[in-house]
Amino acid sequence: MIERVAAPDAAVRAAILAPLVAHNDSAVGATEREEIALVLRDEAGAIVGGLWGTASYRWLFVQYLALPPERRGRGEGRALMCAAEAEAARLGCVGVWLDTFSFQARGFYEKLGYALFGTIDDYPPGEARFFLAKRIDARA
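Residue positions are given per chain, counted from 1 along the sequence in the order it is written. The predicted nature of this model means local features are confined to residues of pLDDT at least 70 and side-chain atom pairs, given and counted, to a pLDDT of 80 or more, with totals for whole chains, interfaces and linings taken over all residues. Hydrogens and waters are ignored; side-chain quantities use all the structure's heavy atoms.

**Structural notes on unusual backbone geometry**
Of note, the bond from Y123 into P124 is cis; its omega dihedral lies within 30 degrees of zero at -5°. When you line up the elements, P124 lands in the loop between β5 (115-121) and β6 (128-135). The backbone of Y57 shows a phi angle near 50°, a positive value even though the residue is not glycine. Strands here mean DSSP runs of E at least two residues long; helices mean DSSP runs of H or I at least four residues long; both are numbered from the N terminus. With respect to the helices and strands, Y57 occurs in the loop between β2 (47-56) and β3 (59-66). Given a relative accessible area of 32%, Y57 falls into the partly exposed group. For the exposure calls, accessible area comes from a 1.4 Å probe over protein chains only, and a residue counts as buried if that area is under 20% of its type's maximum, exposed if over 50%, partly exposed in between.

Listed below in C-alpha cells is the structure:
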C-alpha cells in the first residue's frame, strides 16, 4: 500500500531513509553523519543568515547558504564558506559540494575555487540548477 503523508516529519524521513542508509553502509562502510550549522548574527544577536550542511562519506554537502540582500558583498558569504571548509577539514572531509540555481550564486562559488560537475537545465523552467564541488585535501 502506498500512502501520501500530508505532513511528513523527521521520523517519517528517518523511516524512509533507513533501508537506503543500511544498503549504502553495507556497500561502502558505515559513515558518521554530522549536521553543520554556522550562523550569522546581527548586532542584537538575532540570526540573520548562515550556512547549513551535512558531512558524510568524507564530504560536506552545503545545503543552504543564505544572507539577506543588505549583507551581501561584505565578505560574510565568503567567511561562512571558509568556516564551512574549516569544519569539513576538522571532520576529515576531502571536499565540499553544493548546488545553486542560475539566478543565485554560481559565480560566487567559482571564485572560491568550486568547479561545476553537473547541470539540470530548465530547473526551474527557463533557469538551471548547477552542482559544484571543491576538494580540500592534498589532491585539491
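Right, picking up where we left off after that structure.
**Considering the sheet that holds strand β1 (residues 34-41)**
Pairing between the strands of a sheet comes from backbone hydrogen bonds, and it takes one of two forms, parallel or antiparallel. At least two DSSP bridges between two strands are needed for those strands to be called paired. Read from one edge to the other, the open sheet built from six strands follows the order β1-β2-β3-β4-β6-β5, with strand pairing classed as mixed. The outermost strands of the open sheet, each flanked by one partner alone, are β1 and β5. Shown here is a sheet whose adjacent strand axes are inclined to one another by a mean of 20°, direction ignored. Sitting on the sheet, helix α2 (residues 76-90) touches β1, β2, β3, β4 (95-101) and β6, and the angle it makes with β1 is about 155°. To obtain each axis, a line is fitted to C-alpha atoms, and for helices this fit is confined to the stretch in contact; angles are then taken between N-to-C directions over 0 to 180 degrees. Only heavy atoms matter for contacts: two residues are in contact if any of them lie within 4.5 Å across the pair.

**A short note on helix α1 (residues 10-28)**
A helix is expected to span 1.5 Å for every residue after the first. Helix length check: α1, at 19 residues, gives a terminal C-alpha distance of 25 Å against a target of 27 Å (1.5 Å per residue), a fit within 8%. Consider a residue and the seven residues that end there alongside the seven that start there; fitting an axis to each set, the bend is the angle between those axes. Of all the bends found along α1, the most pronounced is centred on L17 and spans about 40°, while P19, a proline, follows it within four residues. Judged by how many residues are buried, α1 sits mostly at the surface: zero of 19 residues are covered. By the criterion applied in these results, polar contacts are pairs of N or O atoms within 3.5 Å in which, for protein atoms, one can donate a hydrogen and the other can accept it, and in which residues neighboring in sequence qualify only through two side-chain atoms. Its side-chain oxygen placed 3.1 Å from the backbone nitrogen of A11, D9 serves as the N-cap of α1.

Nothing here speaks to function; it is geometry throughout.
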